[in-house]
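Breakdown of the fold
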Amino acid sequence: MSLSLRALPALIPVFALVACGGNGGGGATEPEADGRSVRAAVATVPAGNPCPSGGYRIDSGLDSNGNGQLDGTEVTASQVVCNGEPGADGAAGPAGPAGAAGVAALVRTSAEPAGAACAHGGVRVAAGLDSNGNGVLDPAEESVSEAVCHGAGSIAWEEVSAASVQMAPNRGYIAGNASQAVELILPASPAIGDIVQVTGRGAGGWRLAQNAGQQINLAGLKGGWSATWAEVVAPGAGTTAVASSADGCRLASSAGTSVRISANCGITWGSVNTAQPVFELASSGSGQVLLATYGDPAAGGATSYGALMSVDGGATWTAPFAASLYAAPGHYRLGAVSRSGSTLVIADGTTLHRSTDGGQNWAATAAPALVWRSIAVSDNGQKIAAVADGSAVWISEDGGANWTSRGATLAWRQIVMTADGSKLGGAADGAPLQFSANGGVTWATANSARAWTALAMSDDGRYLIGATGNDMLYSSRDSGLVWRSVASSSAWRSLAMSADGRSLLAAGSLGAMHSLTDTRPGSLGYLMGTSDEAIELQYVGGGRFNVVDWTGIFLAR
């Protein structure tokens, strides 16, 4: 049974009467004969069944144990009293006065460089009230500024599509422009160990630009494996010969009667007309002493071949010997220059002539009378290696006084030697490339039998590149254990490499092709990649960034 809350006051006397009732149905009440008293307790009833708006439950019974409380086991009667239903809402009161205008709270995030706050960089989060209402969190409005740091090895990424973006240290960039390359400028003042990463997503690709004094060291891409070969500005098609200084910054290239020289790593070129169709070039370590051989390699029968020499970096040329007759056609490299430039060797007819004073005076060596194809000389001028078609490798250890035949009898096209004479390499038509790590005493083969025409080798013998007369270029960066093809198919004729293997120059029917595995220093240098190509660089001090990891084939300038 349930009752309305309005009935609650009427029930109170009833319970009082029960509690005090006597035997005669009226008059004064007395306790039970055994002294037990009647007790009552009130509990809240939640909204629901049986009270939609909630109410109260009143329990009653004898205090059997005399503890002055109505325990659960002592309840003998319960009555539920429900609250009344809510009444209708009253009319709305008058509106209060308008409050003060609110101030927006703003948050700004920025890159946190590696340093005292974050060892590996991170993100700085600033917050505050926009007091001046300009929609920007100004520095004076910041009330909170906290750095959220990256963990070791972590990096934050952002997608960029603007034409030019200034990179922050320890940050990755996803270049997403579909129509043009996103120029990403390297951090101007990085700390040693700082990392930058870039990944191409848009069809426009990306371009890593350098600041003054900066350079990207692409040591991990040595040997031309992942740096795109590009035609140099000056030589053009039909290039026949190339040469390089030891540092790779004085370059020479020939096309017809024109020898073109660059003194700034291939950025700009000058041209000198030699009046002779230059077929091959050789350079000293400084690039100041040059030998050029000339003739017509395509002519049939006996052809006039000669030599020209320059001691001023290619500005002027003289002829140390009269032209000689050679069997043609063929690939001839009739001159060699030591690293110091003091020793020169020239093939005059079937005789090898040697100069030890920079080309002023010459004397015939005791080399056998052969139609020589290529010559190499050590820095001290004492070791000379020469090859002829259909002969072995001839080596002299005493400046040409005595000669020993070593290696296989092949259709030799070129012989190369490190500055100290300890390592030799050779290219022959229809045979694998040939290499010796003990000065020519024993030889091993590498790559496959091809129509090899030229070979270049770094001073430590680790970085190699070979050219073919009707195929690709092939490079190795592990002393010839693994080879990969680079550049395009061409009739390759000549190769040149800096001493450390980081600058490569090739000549062929496609023209003079240049591949840098170090970018040019300063703002002239850059590295380009396309969509889906990525690279990670680390700053190592001195303005230089090293390659840590990469995916793709890049254009280095």
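One can find the structure itself at the top, above this paragraph.
In this report, the structure presented in the accompanying data block is examined.

**Looking at the sheet that holds strand S16 (residues 241–244)**
Strand order in the open sheet formed by four strands is S16-S17-S18-S19, with antiparallel pairing between adjacent strands. In the strand order of this sheet, the two ends are held by S16 and strand S19 (270–273), each with one partner. Strand-to-strand twist across the sheet, computed as the mean angle between neighbouring axes with direction ignored, equals 20°. Where strand S18 (residues 258–262) meets S19, four bridges bridge the pair, whose relative direction is antiparallel. Across the sheet, the residue bridging to Val259 is Val272, located in S19.

**Looking at the pattern of salt bridges**
Under the counting rule described, the total for this entry stands at 13 salt bridges. One salt bridge in this structure joins Arg171 and Glu158, with 2.5 Å as the shortest N-O distance. Of the two residues, Arg171 is situated in strand S10 (residues 171–175) and Glu158 in strand S8 (residues 156–160); the sequence distance between them amounts to 13 residues. Of the charged contacts in the structure, one is a salt bridge between Arg333 and Glu280, with a shortest N-O distance of 3.6 Å. Remark: Glu280 occurs in strand S20 (residues 278–283) and Arg333 occurs in the loop between strand S23 (324–328) and strand S24 (335–337); sequence separation between them is 53 residues.

**Side note on the pairing of strand S28 (residues 372–377)**
Among the six residues that make up S28, six are buried, leaving the element largely enclosed by the rest of the structure. Inspection of the sheet shows S28 paired to strand S29 (residues 384–396) by five bridges, in the antiparallel sense. Looking across to S29, one finds that Ser374 is bridged to Val387. Between S28 and the antiparallel strand that follows it, S29, lie six residues; Gly381 among them carries a positive phi value of about 80°.

**With respect to the nonpolar core**
Core analysis: the biggest nonpolar cluster contains 24 residues, and Leu184, Leu186, Trp206, Leu208, Leu527, Ile535 and Leu537 have the highest contact counts within it. Listed by contribution, the elements that provide at least two residues to this core are S10, strand S11 (182–185), strand S12 (195–200), strand S13 (206–209), strand S40 (534–541) and strand S41 (544–551). In terms of residues, this core owes the most to one element, S40, which gives three residues. If near-sequence neighbours (up to four positions away) are discounted, Leu537 is found in contact with Leu186, Asp194, Ile195, Val196, Leu208, Ile216, Phe545, Asn546, Val547 and Val548. Ranked by size, the runner-up nonpolar core spans 17 residues in total, among them Tyr305, Tyr326, Leu334 and Trp394.

**Side note on the state of the cysteines**
Covalently bonding the sulfur atom of one cysteine to the sulfur atom of another cysteine gives a disulfide. Summed over all chains, the structure comprises two disulfides. Across the disulfide from Cys51 sits Cys82; the S-S distance is 2.0 Å. Taking the sign of the S-S torsion, about -70° here, the bridge from Cys51 to Cys82 comes out left-handed. Linking Cys51 in the loop between strand S2 (38–45) and strand S3 (55–62) with Cys82 in strand S4 (residues 77–82), this pair joins segments that are 31 residues apart in sequence. Taken as a pair, Cys51 and Cys82 share a single burial class, namely buried. A sulfur-sulfur distance of 1.8 Å marks the disulfide that ties Cys249 to Cys265. Here the disulfide of Cys249 and Cys265 is right-handed, its torsion about the S-S bond being about 65°. With Cys249 in the loop between S16 and strand S17 (251–255) and Cys265 in the loop between S18 and S19, this pair connects stretches of sequence that are 16 residues apart. We classify Cys249 as partly exposed; its relative accessible area is 23%. For Cys265, a relative accessible area of 12% gives the class buried.

**A word on the side chain of Thr343**
Position of Thr343 relative to the elements: it lies in the loop between S24 and strand S25 (344–348). The class for Thr343 is buried, based on a relative accessible area of 3%. Once residues within four sequence positions are removed from consideration, Thr343 is found in contact with Ala336, Val337, Ser338, Arg354, Ser355, Thr356, Val377, Asn380 and Gly381.

**Quick look at unusual backbone geometry**
Look at the link from Asn49 to Pro50: it is a cis peptide, with omega at 20°. As for its placement among the helices and strands, Pro50 is situated in the loop between S2 and S3. For Asn170, which is not glycine, the phi dihedral falls at a positive 55°. Here Asn170 is to be found in the loop between strand S9 (164–166) and S10.

The rules behind these values
Residues numbered from 1 in each chain as written. Predicted model: local features only at pLDDT ≥ 70, side-chain atom pairs only at ≥ 80, totals over all residues. Heavy atoms only, no water. Pairing = 2+ DSSP bridges. Helix = DSSP H or I, 4+ residues; strand = E, 2+ residues; numbered from the N terminus. Axes fitted to C-alpha atoms, helices over the stretch in contact; angles between N-to-C directions. Salt bridge = Lys/Arg side-chain N within 4 Å of Asp/Glu carboxyl O. Buried < 20%, exposed > 50% of the residue type's maximum accessible area, 1.4 Å probe, protein only. Core = buried A, V, L, I, M, F, W, Y, C linked by side-chain atoms within 4.5 Å. Contact = heavy atoms within 4.5 Å. Disulfide = S-S within 2.5 Å.

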